[in-house]
Structures are given as C-alpha cells and as structure tokens.
Amino acid sequence: MAHVSTVVGAYSEAVARVALMANGWVVHQAETAEAYDILAKDPLNGEYAKIQVKSVRKRDDRGGDLVICARKGNGAVYDRSEADYVVGVWAVDGEIPRVWILENRMCGEYWASEARASERWVELSIALNRDLYAESAGVTAQ
C-alpha cells in the first residue's frame with residue numbers, strides 16, 4: 001500500500017490540475033521528470049507557466065494559520081527557473097478541497113489565516129466554468 005504522503009501528494013496534484021482547467025488554464029503533462037509539477041498556459045496572457053504543487057497544512061505553531069511549505073526535498077526553495085507559481089491544495093478529510101495559486105517569491109513558506117487566505121492568495125474554484133472556454137472559441141456554452 002502506498003504511503004499516505006505519496007497519496008496526498010498525488011491527490012493534491014490531481015486537484016490542482018482540475019482547478020487550473022476549471023479556471024481556463026491549458027494543462028500539459030510532462031513525459032519526463034521535471035523540477036515543476038505542472039506546465040500550464042495562463043488564460044489571461046497566453047504564456048506558459050511552471051507550477052509547483054504543495055499541500056496546505058494548518059499549523060498550530062503558527063496560531064492555526066494555513067501554511068504552504070515551498071521547499072524541495074533537500075530544503076532549498078524553488079527558484080524562478082523551476083517554478084513561476086506555487087499552487088497550494090488544502091484537503092481536509094471529508095471536505096471539498098480548496099486551491100490557491102500564488103506567485104513564487106522564492107520563500108520557504110507562505111502562510112495566511114484561514115479567514116485571510118483568499119485575500120492574500122488567489123483562490124481557484126474546482127467547479128468547471130464552461131463559459132471561459134466558450135468565450136475563447138466564440139461560441140455560447142450549453
């Protein structure tokens with residue numbers, strides 16, 4: 001059986017892909033191992049972005065803040081050549097996950113209170129918005 005951290009990591013990455021697609025990003029699958037988890041085309045500027053996916057944790061030692069640890073396995077932070085954005089996925093057992101995207105500022109940790117997370121970070125809905133795709137194709141969504 002897979003280790004829980006492996007399952008949570010794979011789940012977080014799958015949820016991040018869904019959230020990006022639901023919000024108009026074109027998501028690509030790498031055939032080779034890369035420093036980033038996802039390569040996706042930004043719907044606003046049409047540019048490709050390297051995205052690192054991380055699980056969000058609620059930390060008691062930070063007063064209950066939500067924390068995205070954005071370090072590699074060796075403890076180093078991701079530089080801009082490795083990730084343009086960090087996507088944090090907060091998956092609480094039995095609840096619909098929440099997803100935030102933030103610019104990689106090369107910090108080891110990003111944190112916010114649950115109440116302020118959507119003010120500090122951009123929250124991505126996982127609900128599909130067909131209109132985003134219909135508008136770009138010049139058709140009306142059904």
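Residues numbered from 1 in each chain as written. Predicted model: local features only at pLDDT ≥ 70, side-chain atom pairs only at ≥ 80, totals over all residues. Heavy atoms only, no water.

Engineer: Can you help me understand the pattern of salt bridges in this one?
Structural biologist: Opposite charge on two side chains permits them to pair, given that their charged atoms come into close proximity. For the structure on display, the rule yields nine salt bridges. Ionic pairing is found between R62 and E109, a salt bridge with its closest N-O pair at 2.6 Å. In this pair, R62 sits in the loop between β3 (48-59) and β4 (65-69) while E109 sits in strand β7 (residues 109-112), placing the two residues 47 residues apart along the sequence. With a closest N to O distance of 3.2 Å, R116 and E119 form a salt bridge. According to the relative accessible area criterion, R116 is partly exposed, its value standing at 44%. (Salt bridge = Lys/Arg side-chain N within 4 Å of Asp/Glu carboxyl O. Helix = DSSP H or I, 4+ residues; strand = E, 2+ residues; numbered from the N terminus. Buried < 20%, exposed > 50% of the residue type's maximum accessible area, 1.4 Å probe, protein only.)

Engineer: Could you clarify how one ought to interpret a nonpolar patch on the surface in this entry?
Structural biologist: Taken together, the side chains of V18, M21, I96, I126, L128, L132 and Y133 make up a nonpolar region of the molecular surface, amounting to roughly 600 Å² of accessible area. Secondary-structure elements contributing two or more residues to the nonpolar patch are α1 (4-22) and α3 (130-137). Along the chain, the position of I126 falls in the loop between β8 (122-124) and α3. (Patch = residues over 30% accessible without salt bridge, like charges linked within 9 Å, V, L, I, M, F, W, Y side chains within 5 Å. Areas by Shrake-Rupley, 256 points an atom, 1.4 Å probe, with all protein chains shown as cover.)

Engineer: Even after reading the chapter, I still don't get the packing of aromatic side chains, so can you show me in this structure?
Structural biologist: The description of an aromatic ring pair rests on the distance of the ring centres and on the angle between the ring planes. Inspection of every chain in the model, using the stated rule, returns three aromatic pairs. Measuring from centroid to centroid gives 6.0 Å for W25 and Y85, while their planes differ by 85°, and the two rings are edge-to-face. Residue W25 is found in the loop between α1 and β1 (26-28), and its partner Y85 is found in strand β5 (residues 85-90); the two are separated by 60 residues along the sequence. A residue is classified by how much of its surface remains accessible, and Y85, at 24% relative accessible area, is partly exposed. (Phe/Tyr/Trp six-rings, centres within 6.5 Å; stacked < 30°, edge-to-face > 60°.)

Engineer: How should the pairing of β7 be read in this particular structure?
Structural biologist: Every other side chain in a regular strand lies on the same face of the sheet, so the side chains alternate between the two faces. Only one face of β7 is covered, namely the face carrying Y110 and A112; the face carrying E109 and W111 is uncovered. Bridge analysis of β4 against β7 gives four bridges, and the strand direction is antiparallel. Each bridged residue has a counterpart across the sheet, and for C69 the counterpart in β7 is E109. (Pairing = 2+ DSSP bridges.)

Engineer: I tried to follow the side chain of D84 on my own but got confused; where do I start?
Structural biologist: With respect to the helices and strands, D84 occurs in the loop between β4 and β5. We note that D84 is buried and unpaired, the nearest opposite charge coming from R80 at a distance of 4.1 Å. (Lys, Arg positive; Asp, Glu negative; His and termini not counted.)

Engineer: Is there a simple way to explain the pairing of β3 in this structure?
Structural biologist: Note: strand β2 (residues 38-41) against β3, four bridges, orientation antiparallel. Considered in β3, the bridge of I38 is made with I51. The loop that links β2 with its antiparallel partner β3 comprises six residues; one of these, G46, has a positive phi angle of about 75°. As paired strands, β3 and β4 are joined by four bridges and run antiparallel to one another. In the sheet register, R59 faces β4, and the bridge partner there is D65. Hairpin connection between β3 and β4: a loop of five residues separates the two successive antiparallel strands, and G63 in this loop has a positive phi of roughly 70°.

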